[in-house]
Structure formats: structure tokens, C-alpha cells
Amino acid sequence: MRLFLVLLMLGAAAPAAAQPKDDTAERCAEAAARYQELYGRDHRAEGVKTVLMYKYRFCPADVTIKAGERLRYVNVDKRTSHSVWLKAAGQAESERVFHEGVIEVDTRLPAGEHEVLCGPHWETDKMVGKITVEK
Ligand SMILES: [Cu+2]
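Cut-offs applied
- Residues numbered from 1 in each chain as written.
- Predicted model: local features only at pLDDT ≥ 70, side-chain atom pairs only at ≥ 80, totals over all residues.
- Heavy atoms only, no water.
- Phe/Tyr/Trp six-rings, centres within 6.5 Å; stacked < 30°, edge-to-face > 60°.
- Helix = DSSP H or I, 4+ residues; strand = E, 2+ residues; numbered from the N terminus.
- Buried < 20%, exposed > 50% of the residue type's maximum accessible area, 1.4 Å probe, protein only.
- Core = buried A, V, L, I, M, F, W, Y, C linked by side-chain atoms within 4.5 Å.
- Contact = heavy atoms within 4.5 Å.
- Donors = N, O, S within 2.8 Å, 3.2 Å for Na, K, Ca; no water.
- Tetrahedral: all angles 85-135°; square planar, octahedral: opposite > 155°, others 65-115°.

> Mind showing me how you'd approach the packing of aromatic side chains here?
Aromatic ring pairs are described here by two measures, namely the spacing of the ring centres and the angle between the planes. Throughout the structure, instances matching the rule amount to 2 aromatic pairs. Ring centres of Tyr-35 and Tyr-39 lie 4.6 Å apart, and the angle between their planes is 45°; on these two criteria the pair is classed as tilted. Here the residue Tyr-35 and the residue Tyr-39 both occupy positions in helix H2 (residues 24-39), the gap between them amounting to 4 residues, near one helical turn. Take Tyr-35: its relative accessible area is 1%, and that puts it in the buried class.

Below is the structure:
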């Protein structure tokens, strides 16, 4: 009887443990607002392609560039450091930068898709992005 009750409770608890909501869009909207606040500009209107790093996300996660084009990642998180690591492309991890830290990526890459990891957060928080290099 006791076992039955435990099973019943586990069954009741299961729906509550459903898929966590993907709130990337909300986090990225916050990141854009923080950049605007810090620099007085929209990061999408910068002359250099700019990806924000905020709350364990790259914003936007996916970028498309031409080989050799300038691409920078800016940390707009107050207390968390992030890095950019094109591990599969054979690059070393960048330094881990804090608030307002900027990482310029070496984009002399072969055409195709390249996975981008944040060193401290790709495994624990799935902070992963992608760079697509056009032909
Ligand atoms: Cu990170």
C-alpha cells in the first residue's frame, strides 16, 4: 500500500517537471535593451556585426558572415564572464570577459557552419551558437 502511494505521488509530480520554457527571446530582448542603455545605440545597427552575451545565451545565437568579415561578441551581463570558443574549428578559447568585454573572432574560416561555445557555460547551460560562413 505504501509503495502504491509513493508511485501515485511520483505520477502526480511528473507533469510539473515538464519541459522548461525556452525563454531565449526574452533574454535576448533584455540584452538588446542593456546594450542600448550602455552605448546609446542598437547593437543591430553597429557597423560591425555584434552578438551579445547575456544570461547564458548568445544573441542572436546564429550569425551569417563572409569569411574574414569582422564579428564581435560583447558581454552585457553584469557579473558573469563569457567566452567564445570555436572548438570544432580548432581555435583556442578566447579570454573570458566580464561586463562590457569585447571578443573579436577570427572569421577566416572555411565556408559552412561552425559551432560556437561559451567555455564556462556550453555544457551546463547550453550556451551555444553558430556562425555560418557564406561561400
Ligand atoms: Cu557564457
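> Honestly, the nonpolar core in this entry has me stumped. Any pointers?
Side chains that are nonpolar tend, in soluble globular proteins, to be buried together. Met-53, Phe-58, Tyr-73, Val-84 and Ile-131 are the most contacted members of the largest nonpolar core, which has 18 residues in total. Those elements that provide at least two residues to this core are strand E1 (49-54), strand E3 (62-66), strand E4 (71-75) and strand E7 (128-134). Sequence-distant contacts of Ile-131, that is, excluding residues within four places in its chain, are made with Val-63, Ile-65, Leu-71, Tyr-73, Leu-86, Val-105, Gly-112, Glu-113, His-114 and Val-116.

> Is there a simple way to explain the coordination of the copper ion in this structure?
Only His-82 (ND1), Cys-118 (SG), His-121 (ND1) and Met-127 (SD) from the protein coordinate the copper ion, and they sit 1.9 to 2.6 Å from it. Because the angles between the 4 donor atoms bound to the copper ion fall within 93 to 129°, the donor set is best described as tetrahedral. Linear spacing of the donor residues for the copper ion on their chain is H-x35-C-x2-H-x5-M. Residue classification places His-121 among the buried positions, given a relative accessible area of 9%. The class for Met-127 is buried, based on a relative accessible area of 0%.

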